[in-house]
Amino acid sequence: MGMNCIQNCSVRKGRIERGQMALAHNFGEGSLSAAKQQLRGNVGVVIRRRRESLGAYIARFVREMEQGVRLNQHSLHYSASTVKNYKGFAVQFALFGQSRCRSYNFSDIDLSFYDDFVAYFTSKNYSVNTIGRHIKELKIIMRAAREEGLHCNDAFESRKFRVLTAEVENIYLTEAEIRAIAEVDLSDSPNCDIARDIFLVGCYTAQRFSDYSTIGEGNVRELASGQRVIDLKQRKTGNHVVIPVRAELQRILDKYGNRLPQSYEQKVNKHIKEVARRAGITSKVKMSYVQKGERRHRLVEKCDLVKTHTARRSGATNMYLAGVPTIAIMKITGHKTEREFMKYIKITEEQTAIELMSHPYFSGRRAVSGGSARQPRRGEGYGVTCKK
């Protein structure tokens, strides 16, 4: 680890010396003095950065995300929800350090730290996926700091320093439930009415909240065929998607003059649960979760599980159940592989059985010739990759 740091410093020194020689050759000795002064300033910045602690770097990392100085892997600004997650991580990392009465630096992030970090959040009853998200954010920050020359610690790249994940039982709303939400009378609650309309736009477009909640006049256009579409670039991935406008969506766009009201995800999450309750979506759903290393179960009213992202999952799932080709839905949602998409949508074993009953193999409407290759129901092969 120490040898790598020495080698990195030697490389930087060599680059500086070569830069001085090039400037002297191109501009003469007069310019060399000024160039040396500038280079000393640059070296000073490097030295100051080398002394930056992990805590200070986390604060700067989050601040640069928020200011738009630091971009994501797609060279786009981080979404508000991502910035919020990293701010939460910064707070939790600081609280963890306080609980251990110490300040952690780059060299302290090893497997012993990992075990203690996981144990700390497990003792606080954090979900496996929340703990995993904090680990993922820490690894991303550690990689960025290493690339900036702040440390040479690779311990966090160990396979044992893994991002924890657990399968989450997300719900989706059926077409009937979406209609019930659309038809419920909310004339006594303008806030719920707006939240309902924005949520329904998500159901009809299968987009993320950051995309469907900001649809405006610039996103609505008409094709040569006369069909109206929503045309947008997804904020998280930069994918360009074009979504046909169905009649229910058109009515909402007309209501607001093709410009949805400004909304905040937290408020929509709050109001849409009340809307779902008033629409009668109160059936009991069995949810499993992991607590202190043990899997447990509880019954929850479905309306209490509805949130902004339920709209996207419901839209994708209902398109699939309606027989829309998988590859076409992926063009709308932005999923890259069929495997990824099939894990995302919510199809029960019973729905799969009903779908299979229409297949000639089970219905007996047509004999299956021996040795014939299976034809995918929707006209695509498996493992389809959807390119930008």
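Above: the structure in question.
Some thoughts on the pairing of strand 2 (residues 228-233)
Right, so step 1: When strand 1 (residues 220-222) meets strand 2, the two strands line up antiparallel, connected through three bridges. For Glu-222, the partnering residue across the bridge sits in strand 2 and is Arg-228.
Right, so step 2: Here strand 1 folds back onto strand 2 in antiparallel fashion, the turn holding five residues, of which Gly-226 has a positive phi close to 95°.
Right, so step 3: Judged from the five bridges that link them, strand 2 and strand 3 (residues 240-244) form a sheet pairing that is antiparallel. Bridge assignment links Leu-232 to a residue of strand 3, and that residue is Val-241.
Right, so step 4: Here strand 2 folds back onto strand 3 in antiparallel fashion, the turn holding six residues, of which Gly-238 has a positive phi close to 80°.

Re the nonpolar core
Right, so step 1: Ranked by internal contacts, the top residues of the largest apolar core, which has 51 residues, are Ile-181, Phe-199, Tyr-212, Ile-215 and Ile-230.
Right, so step 2: Of all the elements, helix 8 (residues 190-205) adds the most residues to this core, at eight residues.
Right, so step 3: Discounting residues that sit within four places of it in the chain, Tyr-212 has contacts with Ile-198, Phe-199, Val-201, Gly-202, Thr-205, Gln-207, Leu-260, Thr-308 and Ala-311.
Right, so step 4: Formed by 31 residues, the second largest nonpolar core is a distinct cluster that contains Phe-61, Tyr-120, Phe-121 and Leu-164.

What about helix 11 (residues 265-278)?
Right, so step 1: The end-to-end C-alpha distance of helix 11, which contains 14 residues, comes to 20 Å, matching closely the 20 Å that a straight helix rising 1.5 Å per residue would cover.
Right, so step 2: Taken together, the buried positions of helix 11 are Val-268, Asn-269, His-271, Ile-272, Val-275 and Ala-276.
Right, so step 3: Following helix 11 by one or two positions, Gly-280 has its phi on the positive side, about 85°.

Comments concerning unusual backbone geometry
Right, so step 1: Here the phi dihedral of Ser-75 falls at roughly 60°; this positive angle occurs in a residue that is not glycine.
Right, so step 2: Turning to its location among the elements, Ser-75 is positioned in the loop between helix 3 (54-67) and helix 4 (80-99).
Right, so step 3: Positive phi, normally seen in glycine, also occurs at Cys-101, with a value near 55°.
Right, so step 4: With respect to the helices, strands and loops of the structure, Cys-101 is situated in the loop between helix 4 and helix 5 (111-123).
Right, so step 5: On the basis of relative accessibility, which here comes to 72%, the residue Cys-101 falls in the exposed class.

Observations concerning the sheet that holds strand 2
Right, so step 1: The sheet built from three strands is open, its strands ordered 1-2-3 with antiparallel pairing. Looking at the sheet topology across the chains shown, the edges are occupied by strand 1 and strand 3. Strand-to-strand twist in this sheet, taken as the mean axis angle between neighbours without regard to direction, amounts to 35°.

Topic: the packing of helix 8 against helix 10 (residues 247-255)
Right, so step 1: One way to put it is that helix 8 packs onto helix 10 with a least axis distance of 10 Å and a crossing angle of 140°. On the basis of the axis angle, helix 8 is oblique to helix 10. Classified by chirality, the crossing of helix 10 by helix 8 is left-handed. Taking contact as the criterion, the partners of Asp-193, Asp-197, Leu-200, Val-201, Tyr-204 and Thr-205 in helix 8 are, on helix 10, Glu-248, Leu-249, Ile-252 and Lys-255.

As for the packing of aromatic side chains
Right, so step 1: Across all of its chains, the model carries 18 aromatic pairs by this definition.
Right, so step 2: Between Tyr-57 and Phe-61 the ring centres are 6.1 Å apart and the planes differ by 55°, which places this aromatic pair in the tilted class. Highlighted residues: Tyr-57 and Phe-61, both in helix 3, separated by four residues, approximately one helical turn. In this pair, the class of Tyr-57 matches that of Phe-61, namely buried.
Right, so step 3: Here Phe-61 and Tyr-86 contribute two aromatic rings whose centre-to-centre distance is 5.8 Å and whose plane-to-plane angle is 35°, an arrangement assigned as tilted. Taken together, the residues Phe-61 in helix 3 and Tyr-86 in helix 4 connect sequence positions 25 residues apart. Neither Phe-61 nor Tyr-86 differs from the other in exposure class; each is buried.
Right, so step 4: Among the aromatic residues, those joined into a ring-pair cluster are Phe-89, Phe-93, Phe-96, Tyr-104, Phe-113, Phe-117, Tyr-120, Phe-121 and Tyr-126.
Right, so step 5: The side chain of Lys-302 reaches across the aromatic face of Tyr-172, ending 6.0 Å from its centre.

Rules of the game
Residues numbered from 1 in each chain as written. Predicted model: local features only at pLDDT ≥ 70, side-chain atom pairs only at ≥ 80, totals over all residues. Heavy atoms only, no water. Pairing = 2+ DSSP bridges. Helix = DSSP H or I, 4+ residues; strand = E, 2+ residues; numbered from the N terminus. Core = buried A, V, L, I, M, F, W, Y, C linked by side-chain atoms within 4.5 Å. Buried < 20%, exposed > 50% of the residue type's maximum accessible area, 1.4 Å probe, protein only. Contact = heavy atoms within 4.5 Å. Expected span 1.5 Å × (residues − 1). Axes fitted to C-alpha atoms, helices over the stretch in contact; angles between N-to-C directions. Parallel < 35°, antiparallel > 145°, perpendicular 65-115°, else oblique. Left-handed = near helix turned anticlockwise from the far one by under 90°. Phe/Tyr/Trp six-rings, centres within 6.5 Å; stacked < 30°, edge-to-face > 60°. Lys NZ or Arg CZ within 6 Å of the ring centre and 35° of its normal.

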